[in-house]
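Remarks on the overall topology
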Amino acid sequence: MGSLFKEVSLRPSCNQRISAGNGRTLSFAEYGQPSGEPVFAFHGAPGNRFQLLGTHFAAEELGIRLIVADRPGYGSSDYYPNRELCDWPVDVAAIADFLGIQRFGVWGISAGGPHALVTAALLPDRVTRVALAASVAPRMHMETMASAQELKAIENVSERKIKWTANSWIALRQLASVIPWPIARLFINTANRQLMDDKEFRATRSIERNEFGKQSAEALAQDFAILMAPWGFELSEVRQEVTIWHGTADTLVKPEHGELLSTLLPNSNYHKVEGVGHLVAGSLYEDMLMAAANLSNSLRT
């Protein structure tokens, strides 16, 4: 199956590019059924369009047309400085217009969650439904729940520290590719280890990792900064139905983020997934795809 995913990743449909604002190149992939229900998926950080490669055959079977774009600086999309969260819906609309798609669902994973929410808020006539997996919540709201020690840690996050962390994350991802899996798995969070033991899952992550470019660390640092800053819109502006999944064993984005989002979003459904870590999307992506596409569970075989 790993070779099949490699074949899919080389298709022209998975390596599309358009010209976005300011002469930038914006790249994206399409998975699943070309004539299916359209869903835009937004990858985590770091990541790129191949992060969702493993969902291709499931999306095809479910009748979903899944579009995954590289955010600026990731994959083949050009980086640009001073990007803000509210800039992202403009890029999404540009791809949708290019593909002739008027209305669509959105699915955000981890750092992609806020990008899904801002797209729903600023494109209310185009976004139909929202699915979130291990999404980050706004810093301003999380601070009200933080301890004095946690608040001090947040205040001490400097631009230099953000860049250092981003470079370290990318370096660790690259290092993981040369360490034999029996050894590498010892450093994986126990809650994520079962999923990472799947050879097909690791094969798709390897393809994703190979797409990390020279600006991936810069893009990751920018993502960190964007998520730490005010988001530029209110969660109350998201009027669409939002379905949220968060693992109780998530140590990267703690479950409190999902719980907080469920209370602040006016129309949300919250699924607490017991014993699952940050990679909750890796085991429940079919449910998330169907929620974003507004498909019935009865379609599952």
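The sections below set out a description of the structure shown in this document. (Residues numbered from 1 in each chain as written. Predicted model: local features only at pLDDT ≥ 70, side-chain atom pairs only at ≥ 80, totals over all residues. Heavy atoms only, no water.)

Bringing the overall build of the protein into the picture now. Looking only at helices and strands, one finds 13 helices and 8 strands in the protein. Split into buried and exposed, the 301 residues of the protein put 51% on the buried side. Taking as baseline every contact in the protein between residues at least 6 positions apart, the subset at least 24 positions apart corresponds to 78%. Entry remark: accessible area of the protein is about 13,900 Å², with carbon and sulfur atoms responsible for 52%. (Helix = DSSP H or I, 4+ residues; strand = E, 2+ residues; numbered from the N terminus. Buried < 20%, exposed > 50% of the residue type's maximum accessible area, 1.4 Å probe, protein only. Contact = heavy atoms within 4.5 Å. Areas by Shrake-Rupley, 256 points an atom, 1.4 Å probe, with all protein chains shown as cover.)

Take the sheet that holds strand β2 (residues 25–32) next. Taken together, 8 strands build an open sheet; the order of strands is β1-β2-β4-β3-β5-β6-β7-β8 and the sheet is mixed. Since the sheet does not close on itself, it has two edges, and those belong to β1 (16–19) and β8 (268–273), each with one partner. Averaged over neighbouring strand pairs, the angle between their axes works out to 20 degrees when direction is ignored. On the sheet, helix α3 (residues 88–99) packs against β1, β2, β3 (37–42), β4 (64–69) and β5 (104–109) and is oriented at approximately 60 degrees with respect to β2. Of the strands in this sheet, β3, β4, β5, β6 (127–133), β7 (241–247) and β8 are in contact with helix α13 (residues 280–293), which crosses β6 at around 165 degrees. (Pairing = 2+ DSSP bridges. Axes fitted to C-alpha atoms, helices over the stretch in contact; angles between N-to-C directions.)

With that settled, consider the pattern of salt bridges. By the definition in use, this model includes 8 salt bridges. Of the charged contacts in the structure, one is a salt bridge between Arg65 and Glu30, with a shortest N-O distance of 2.6 Å. Here Arg65 is found in strand β4, whereas its partner Glu30 is found in strand β2, with 35 residues between them in sequence. One network of salt bridges, in which partners are shared, links Arg49, Asp70 and Glu211. (Salt bridge = Lys/Arg side-chain N within 4 Å of Asp/Glu carboxyl O.)

Residue position: Ala133 is located in strand β6. With relative accessibility at 0%, the residue Ala133 sits in the buried group. For Ala133 and Gly258, which are 125 residues apart along the polypeptide, the C-alpha to C-alpha distance reads 8.5 Å. Leaving out residues up to four positions away in the same chain, Ala133 has contacts with Trp107, Gly108, Ile109, Ser110, Trp245, Val280, Ala281 and Met288.

Time to look at the packing of aromatic side chains. Enumeration according to the criterion identifies 5 aromatic pairs in this entry. Seen from their ring centres, Phe5 and Phe57 are 5.4 Å apart, and the 55 degrees between their planes marks the pair as tilted. With Phe5 in helix α1 (residues 2–9) and Phe57 in helix α2 (residues 56–62), the pair connects residues that are 52 residues apart, well separated along the chain. Taking the relative accessible area as the measure of exposure, Phe57 reaches 27% and is therefore partly exposed. The interplanar angle of 25 degrees and the centroid separation of 6.1 Å between the aromatic rings of Trp231 and Phe233 together place this pair among those described as stacked. Grouping residues by exposure puts Trp231 and Phe233 together as buried. (Phe/Tyr/Trp six-rings, centres within 6.5 Å; stacked < 30°, edge-to-face > 60°.)

The next subject is helix α11 (residues 216–228). Between its first and last C-alpha atoms α11 spans 18 Å; for 13 residues at 1.5 Å apiece the expected length is 18 Å, and the two agree. Here α11 lies mainly inside the structure; 10 of its 13 residues are buried. If you check which residues of α11 are buried, you get Ser216, Ala217, Ala219, Leu220, Ala221, Gln222, Asp223, Phe224, Ile226 and Leu227. (Expected span 1.5 Å × (residues − 1).)

Before going further, it helps to examine the environment of Ala20. Locating Ala20 in the fold gives a position in the loop between β1 and β2. Considering only alpha carbons, one finds Ala20 and Asp91, 71 residues apart in sequence, at a separation of 6.7 Å.

Further remarks concern the side chain of Gln222. Mapped onto the elements of the fold, Gln222 is located in helix α11. The exposure class of Gln222 is buried, given its relative accessible area of 8%. The contact partners of Gln222, leaving out residues within four places of it in the chain, are Pro72, Tyr79, Tyr80, Pro81, Asn82 and Arg83.

All right, on to the side chain of His278 then. One can find His278 in the loop between β8 and α13. The exposure class of His278 is buried, given its relative accessible area of 15%. At a separation of 2.8 Å, a polar atom in the side chain of His278 contacts the side chain of Asp250. (Polar contact = N/O pair within 3.5 Å; in protein donor to acceptor, adjacent residues only side chain to side chain.)

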